[in-house]
Amino acid sequence: MSGRTIKPVHLRYPTMQGIKPHIIAGPCSVESRQQLKSVVTALSSLPQVTFIRCGVWKPRTRPGGFEGLGEQALLWMQELKPLLPSGVGFACEVARPEHVALAIKYGVAGLWIGARTTANPFMMSELTESLRGVNVPIGVKNAPNPDVRLWVGAIERCHQVGLSHITAIHRGFDILNNGGYRNHPLWEVPMELRRLMPEVPIFCDPSHIAGRVDPIHSISQAALDLGFDGLMLEVHPSPSDALTDAIQQITPTQLSALLDSLVPRRTESSVADDSLRLMRQQIDEIDSQILQLLASRVELCKQIAEIKARGNLAVYQPKRWESLLQQRLSNAQELSLNIDFVKEIFDKIHAESVRVQQEIIDK
Ligand code: PEP
Ligand code: MN
């Protein structure tokens, strides 16, 4: 994943108060007054829900599908607002400056920027310009492609226009081998965002990662295990009748059961955890050994490069690489290590050796 060269950004950021996880839940799209009322009534009894998500303008991949009810949906949201418990508000996606103006006009309490918008710097700068001075929390979904810089850039554009209440929303990535997900979670990307922007709260959107109901529980728990601050879930009173994303929406009853079964995690360990502290010291020691070994390996590669240069040998020796790799993988298997993980590490080590040797040979 890219982002290697970005330095962490430290901001003075309002911290999120209260118990984790915060929950944003609601239908993929508002479809009728009745549907919205039913979802509002059901979700009002769940104290963890802080926002009711309502799709008002739907970005559709192909033309001809349901594109959301626009202003009509906002009108129903305004009418039904008195039914919401105090502290709970509606939230909707905005992609155009006109959306922002309408959402604010109808009293929408939270906005989010969709994945396809985050991916487009022109749209982002136009949209954030229209958000200048808007005083509501704003969620920024990751772009569909796993480039953390697009996510960071979109959040930076929000900061540039003075928006301070920003939350990142992890909705997974569109990659070739999606591992059975609709959008692969690639957890390392939101973890990298956490490293780069530690003050920005991160929510997970298990519905758009899963693309179906079954994996929603395990994705939600995985997000909590990683210290995410909240979850955004698609909830519909009758998912099979939904006009968008029918197979991934859950019912309010399923949401309630999900929230009851999730185990929240502490993100900071207490200093009193002695055994944890000792084990972390050992991990630090092992990591330092790994780095020393890598440095010795690079040193040897440099000496090998000199020999290759003198013998006019190509840097990349496919047969040697293939046999080395097979041997490492079989060692890894004996040590019960994950083969894919070890393969990835050795691919990186080898790529770096080739780069270092090329530098020497090209001198
Ligand atoms: C949505 O939240 O309904 C949506 C369109 O999601 P995304 O922008 O993540 O595709
Ligand atoms: Mn959806």
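Scroll up for the structure.
Residues numbered from 1 in each chain as written. Chains lettered and ligands numbered in written order. Predicted model: local features only at pLDDT ≥ 70, side-chain atom pairs only at ≥ 80, totals over all residues. Heavy atoms only, no water.

Overview of the overall build of the protein
- Within the protein one finds 13 helices and eight strands.
- Dimensions along the principal axes, computed over C-alpha positions, put the protein at roughly 80 × 45 × 40 Å.
- Pairs at least 24 apart in sequence give 73% of the contacts found in the protein among residues at least 6 apart.
- As presented, the protein carries roughly 19,600 Å² of accessible surface, and 55% of it is formed by carbon and sulfur atoms.
- Charged side chains in the protein number 38 positive and 38 negative. The centres of these two groups are separated by 3 Å. (Helix = DSSP H or I, 4+ residues; strand = E, 2+ residues; numbered from the N terminus. Contact = heavy atoms within 4.5 Å. Areas by Shrake-Rupley, 256 points an atom, 1.4 Å probe, with all protein chains shown as cover. Lys, Arg positive; Asp, Glu negative; His and termini not counted. Charge placed at Lys NZ, Arg CZ, Asp CG, Glu CD.)

Structural notes on the site of ligand 1
- Around ligand 1 sit 13 residues in total, of which Arg53, Lys58, Ala115, Lys141 and Arg171 are the nearest.
- Here alanine 115 contributes a backbone N or O atom positioned 2.9 Å from an oxygen atom of ligand 1.
- In this structure, glutamate 234 approaches ligand 1 through a side-chain N or O atom, which is 3.3 Å from an oxygen atom.
- If ligand 1 stood free it would expose 300 Å²; the protein chains cover 96% of that surface.
- Tallied by class, residues from the shell around ligand 1 come to four nonpolar, two polar and seven charged. (Near = heavy atom within 4 Å. Polar contact = N/O pair within 3.5 Å; in protein donor to acceptor, adjacent residues only side chain to side chain. Nonpolar A, V, L, I, M, F, W, Y, C, P; charged D, E, K, R; others polar.)

Notes on unusual backbone geometry
- Phi angles above zero are rare outside glycine, and asparagine 312 is one such case at about 55°.
- By the secondary structure assignment, asparagine 312 is in the loop between helix H11 (274-310) and helix H12 (318-334).
- Assessed through its relative accessible area of 72%, asparagine 312 is described here as exposed.
- The residue serine 336 is not glycine, and still its phi comes out positive at about 60°.
- With respect to the helices and strands, serine 336 occurs in the loop between H12 and helix H13 (339-361).
- A relative accessible area of 67% means that serine 336 is categorised as exposed. (Buried < 20%, exposed > 50% of the residue type's maximum accessible area, 1.4 Å probe, protein only.)

A word on the pattern of salt bridges
- Overall, the coordinates contain 16 salt bridges when judged by the stated rule.
- Put simply, glutamate 98 and arginine 96 hold a salt bridge, and the shortest N to O gap is 3.6 Å.
- With a shortest N-O distance of 2.8 Å, aspartate 347 and lysine 343 are connected by a salt bridge. Of this pair, aspartate 347 and lysine 343 both sit in helix H13, four residues apart, which is roughly one turn of the helix.
- What makes aspartate 347 partly exposed here is its relative accessible area of 30%.
- Its relative accessible area of 32% is what places lysine 343 among the partly exposed residues.
- Residues joined in a network through salt bridges with shared partners are Arg96, Glu98 and Glu126. (Salt bridge = Lys/Arg side-chain N within 4 Å of Asp/Glu carboxyl O.)

A word on the pairing of strand E4 (residues 110-113)
- Residues of E4 alternate between two faces, with Gly110 and Trp112 on one and Leu111 and Ile113 on the opposite face, all of them buried.
- Where strand E3 (residues 89-93) meets E4, three bridges bridge the pair, whose relative direction is parallel. What sits directly across from cysteine 92, in E4, is leucine 111.
- This β-α-β element, E3 to helix H3 (residues 97-105) to E4, shows right-handed connectivity.
- Taken together, the three bridges between E4 and strand E5 (residues 138-141) define a ladder with parallel strand orientation. In the sheet register, isoleucine 113 faces E5, and the bridge partner there is valine 140. (Pairing = 2+ DSSP bridges. Right-handed = clockwise from strand over helix to strand, strands pointing away.)

A look at the coordination of the manganese ion (ligand 2)
- The coordination sphere of the manganese ion (ligand 2), as far as protein atoms go, consists of Cys28 (SG), His208 (NE2), Glu234 (OE) and Asp245 (OD), spread over 2.1 to 2.4 Å.
- Here the donor residues of the manganese ion (ligand 2) are spaced in sequence according to C-x179-H-x25-E-x10-D. Residue histidine 208 is found in helix H8 (residues 206-210), and its partner aspartate 245 is found in the loop between strand E8 (230-234) and helix H10 (252-261); the two are separated by 37 residues along the sequence.
- Here histidine 208 falls in the buried class, since its relative accessible area comes to 8%. (Donors = N, O, S within 2.8 Å, 3.2 Å for Na, K, Ca; no water.)

As for the side chain of glutamine 35
- The residue glutamine 35 is located in helix H1 (residues 33-43) in this model.
- If sequence neighbours within four positions are ignored, glutamine 35 has contacts with Pro27, Ser29, Val30, His236 and Pro237.

Some thoughts on the nonpolar core
- Judged by nonpolar contacts, the single largest core of 71 residues is most densely connected at Leu36, Ile52, Met77, Leu111 and Leu255.
- Contact partners of isoleucine 52, with chain neighbours within four places excluded, come to Ala25, Gly26, Val39, Val40, Leu43, Leu84, Val88, Gly89, Phe90 and Ala91.
- Counting residues in each nonpolar core, the second largest holds eight residues, with Leu325, Ala332, Val342 and Phe346 among its members. (Core = buried A, V, L, I, M, F, W, Y, C linked by side-chain atoms within 4.5 Å.)

Some remarks on the environment of proline 206
- Within the secondary structure layout, proline 206 lies in helix H8.
- Since its relative accessible area comes to 0%, proline 206 is described here as buried.
- Distance in space between the C-alpha atoms of proline 206 and histidine 217 is 8.2 Å, their sequence separation being eleven residues.
- When sequence neighbours within four positions are dropped, the list of residues in contact with proline 206 reads Ile216, Ile219, Ser220, Leu231, Met232 and Leu233.

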